[in-house]
Amino acid sequence: MTILITGGAGYIGSHTCVELLNNGETIIVVDNFSNSKPEALNRVQQITGKTFRIYDADLLDKKQLREIFLENEDIDAVIHFAGLKAVGESVAVPLSYYRNNINGTLVLCEVMQEFTVKNLVFSSSATVYGATDQVPITENSPLGSTNPYGRTKVMIEQILGDIAFADPDWSIASLRYFNPVGAHESGLIGEDPHGIPNNLMPFISQVAVGKREELHIFGREYNTRDGTGVRDYIHVVDLAKGHLKALEKVTAMKGMDAYNLGTGKGLSVLEMVMAFENAANKTIPFRFTEPRPGDVAVCYADPSKAGSQLGWQAERGPEAMCKDTWRWQRNNPSGYDRKTLTVYKEKTPRHEPVEFFNS
Ligand code: NAD
Ligand code: UFG
């Protein structure tokens with residue numbers, strides 16, 4: 001199959017590219033590198049020994065996206081990762097989030113419709129369940145979100161549902177990720193956040209590598225085993241493999257459905273710190289601070305629908321999550337280095353790649 005991947009240079013996208021290439025698929029990556037580096041795709045090629053077409057393009061640019069579809073007539077399906085994802089930032093600049101995530105998806109779907117490509121796997125999030133305290137969370141839990149980022153995911157799911165309802169040729173899987181962590185076992189690709197990490201795992205690993213002094217644990221009086229927040233951490237390689245299963249599903253069925261991708265097991269912040277300390281053989285200094293506004297005490301998935309309907313389940317536990325994160329962080333203390341990569345630009349003839357410099 002030929003799969004177009006939006007946001008393929010990002011954290012989850014790059015790991016999914018590896019799994020798709022290893023599975024013998026042809027991939028085409030579209031990314032504007034607003035939150036990623038071309039070097040990630042270089043590394044994907046290094047891991048797999050395979051090359052693929054890369055477009056430095058913005059989903060909001062419909063003309064450019066149409067040209068990509070014109071140049072690549074054989075696209076069977078799209079995996080749509082591209083989007084902005086920082087909860088706090090979305091509260092500060094909601095318009096950017098609505099424009100990028102909603103309009104980007106609308107433009108993508110319009111172009112897909114025009115070129116009769118109607119198989120789509122969408123990156124949704126457990127954030128669509130809002131601040132529910134009912135765990136484990138099934139796909140039937142009520143939707144609603146507490147911030148603009150989450151609302152873009154809820155709205156996009158509704159839009160996709162309407163598209164699939166209006167035209168029964170569409171086939172769409174919305175994958176609701178829980179907490180993606182970890183890295184490819186090669187240590188070549190991983191999460192490379194800009195600035196101060198918002199999420200627990202990259203923060204812990206930056207403390208371990210000496211980039212940050214100490215972890216702040218947000219809250220110690222939650223109603224949990226040890227008082228700290230509990231989440232369903234899922235290894236990014238397991239998550240990536242879930243996309244291959246979802247692709248099988250969308251190419252075999254019609255309509256739209258949503259699936260939780262999580263392990264079904266909750267781990268507390270302190271348990272993750274301990275798992276990381278064991279994996280890295282390092283002490284992680286931490287101190288307790290106030291709870292983070294908007295955080296829930298406990299969130300974990302009921303992943304049984306993905307098990308029964310996609311034939312997918314997570315295989316990697318906290319040890320692999322932490323070991324792989326640490327290997328990536330230790331080998332790449334500053335994330336992806338500044339490197340060059342061959343990227344196709346708009347209107348560039350397909351056999352004459354231009355050199356792209358990451359700034
Ligand atoms: P990421 O930021 O690493 O990857 C997203 C990629 O999309 C980046 O490479 C970015 O440059 C690109 N992009 C953004 N807007 C674009 C546009 N308009 N045109 C072209 N490219 C664009 O994020 P990620 O962690 O890999 O997440 C991938 C998807 O999964 C996102 O939609 C995110 O909301 C969703 N998700 C992520 C998490 C998580 O914790 N990482 C959890 C749940 C859902
Ligand atoms: N935490 C800390 N210190 C930190 C960072 C996090 O104690 O420096 C705690 C949080 O309070 C929470 C847990 O670690 O209890 C996990 O926090 P993350 O920020 O890593 O993840 P969240 O569950 O808050 O949110 C993430 C993504 C959301 C997504 C959600 C579900 O950031 O976008 O998972 O997929 F919606």
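Placed above this text is the structure.
Conventions we followed
- Residues numbered from 1 in each chain as written.
- Chains lettered and ligands numbered in written order.
- Predicted model: local features only at pLDDT ≥ 70, side-chain atom pairs only at ≥ 80, totals over all residues.
- Heavy atoms only, no water.
- Buried < 20%, exposed > 50% of the residue type's maximum accessible area, 1.4 Å probe, protein only.
- Helix = DSSP H or I, 4+ residues; strand = E, 2+ residues; numbered from the N terminus.
- Pairing = 2+ DSSP bridges.
- Right-handed = clockwise from strand over helix to strand, strands pointing away.
- Near = heavy atom within 4 Å.
- Polar contact = N/O pair within 3.5 Å; in protein donor to acceptor, adjacent residues only side chain to side chain.
- Areas by Shrake-Rupley, 256 points an atom, 1.4 Å probe, with all protein chains shown as cover.
- Nonpolar A, V, L, I, M, F, W, Y, C, P; charged D, E, K, R; others polar.
- Contact = heavy atoms within 4.5 Å.
- Axes fitted to C-alpha atoms, helices over the stretch in contact; angles between N-to-C directions.
- Phe/Tyr/Trp six-rings, centres within 6.5 Å; stacked < 30°, edge-to-face > 60°.
- Lys NZ or Arg CZ within 6 Å of the ring centre and 35° of its normal.
- 1 Å grid on protein atoms, 1.4 Å probe; cavity = no way out; pocket = protein on both sides within 12 Å on 5 of 7 lines; lining within 4 Å.
- Points joined across faces, edges and corners; volume = space filled by probe spheres on them.

Examining the pairing of strand β3 (residues 53-56)
Because side chains alternate across β3, one face comprises the buried residues R53 and Y55, and the other comprises I54 and D56, equally buried. The pairing of strand β2 (residues 26-31) with β3 spans four bridges and is parallel. Each residue of the ladder has a partner; that of I28, found in β3, is R53. Since β2 and β3 lie parallel, the crossover through helix α2 (residues 39-48) that links them has a hand, and here it is right-handed.

Thoughts on the sheet that holds strand β14 (residues 298-299)
Taken in spatial order, the three strands make up an open sheet running β12-β9-β14, and their pairing is mixed. The open sheet has two free edges, formed respectively by β12 (267-268) and β14, since each of these has just one partner strand.

A closer look at the site of ligand 2
Taken together, 21 residues lie around ligand 2, and F178, N199, R231, R292 and D295 are the ones closest in. At a separation of 2.7 Å, an oxygen atom of ligand 2 approaches a polar side-chain atom of R231. Contacts to ligand 2 include R292, whose side-chain N or O atom sits 2.8 Å from an oxygen atom. Protein burial of ligand 2: of its 690 Å² of free accessible surface, 88% is covered by the chains. Looking at the shell around ligand 2 element by element, the count peaks at four residues for strand β8 (residues 215-218).

Points about the site of ligand 1
Close to ligand 1 lie 26 residues, the nearest being D31, N35, S36, K85 and Y149. At a separation of 3.0 Å, a nitrogen atom of ligand 1 approaches a polar side-chain atom of D58. Y149 places a side-chain nitrogen or oxygen 2.7 Å from an oxygen atom of ligand 1. Considering ligand 1 on its own, with 820 Å² of exposed area, one finds that the protein chains cover 95% of that surface. Of all the secondary-structure elements, those providing two or more residues to the shell around ligand 1 are α1 (11-22), β5 (119-125) and α6 (148-166). Of the residues forming the shell around ligand 1, the biggest block, three residues, is contributed by β5. Here the residues of the shell around ligand 1 sort into eleven nonpolar, eleven polar and four charged.

Points about the environment of W170
Counting through the fold element by element, W170 comes out in the loop between α6 and β6 (171-177). Classification of W170 by relative accessible area gives buried; the value is 0%. Note: C-alpha distance between W170 and T116 (54 residues apart in sequence) is 9.2 Å. When residues no more than four places from it in sequence are discounted, the contact partners of W170 are C109, M112, Q113, V117, K118, L120, I163, A164, K254 and G255. Engagement of the side chain of W170 in a polar contact is seen with the side chain of Q113, the distance being 2.8 Å.

As for the sheet that holds strand β11 (residues 255-261)
On the basis of which strands lie adjacent, the open sheet formed by seven strands has the order β3-β2-β1-β4-β5-β6-β11 and parallel pairing. Each end of this open sheet is capped by a strand with a single partner; those strands are β3 and β11. Across this sheet, the average inter-strand angle for adjacent strands is 20 degrees, counted without regard to direction. Here five bridges tie strand β1 (residues 2-6) to β2, and the two strands are oriented parallel to one another. When the bridges of β2 are listed, T2 appears paired with T26.

Some details on the packing of aromatic side chains
Taken as a whole and judged by the stated rule, the model has five aromatic pairs. Pairing F69 with F115 gives two aromatic rings, centres 5.6 Å apart and planes at 35 degrees, and the pair type is tilted. On the criterion of sequence distance, the pair formed by F69 in helix α3 (residues 62-71) and F115 in the loop between α5 (94-114) and β5 is long-range, its members being 46 residues apart. Take F69: its relative accessible area is 2%, and that puts it in the buried class. Ring geometry for F276 versus W326: centroids 6.0 Å apart, planes at 75 degrees, classification edge-to-face. Of this pair, F276 sits in helix α9 (residues 269-280) while W326 sits in helix α11 (residues 318-331), and the two are 50 residues apart along the sequence. Side by side, F276 and W326 carry an identical accessibility label, which is buried. Sitting above the plane of the Y259 ring, K305 keeps its charged end 5.1 Å from the centroid.

A few points about unusual backbone geometry
The linkage connecting V135 with the following residue, P136, adopts the cis geometry, with an omega of -5 degrees. With respect to the helices and strands, the residue P136 is situated in the loop between β5 and α6. With a phi close to 55 degrees, T116 is a non-glycine residue in the positive phi region. Take T116: it is sitting in the loop between α5 and β5. Judged by relative accessible area, T116 falls into the exposed class, the value being 60%. Even without a glycine there, the phi angle at N281 is positive, about 55 degrees.

Things to note about the layout of surface pockets
Where empty space is left becomes clear once a probe the size of a water molecule has been rolled over the atoms. The volume enclosed by the second largest pocket comes to roughly 250 Å³. In terms of lining residues, the second largest pocket is bounded by 16 residues, among which T263, K265, A314, E315 and R316 are the most central.

Honestly, that's just the spatial picture; any functional story needs more than this.
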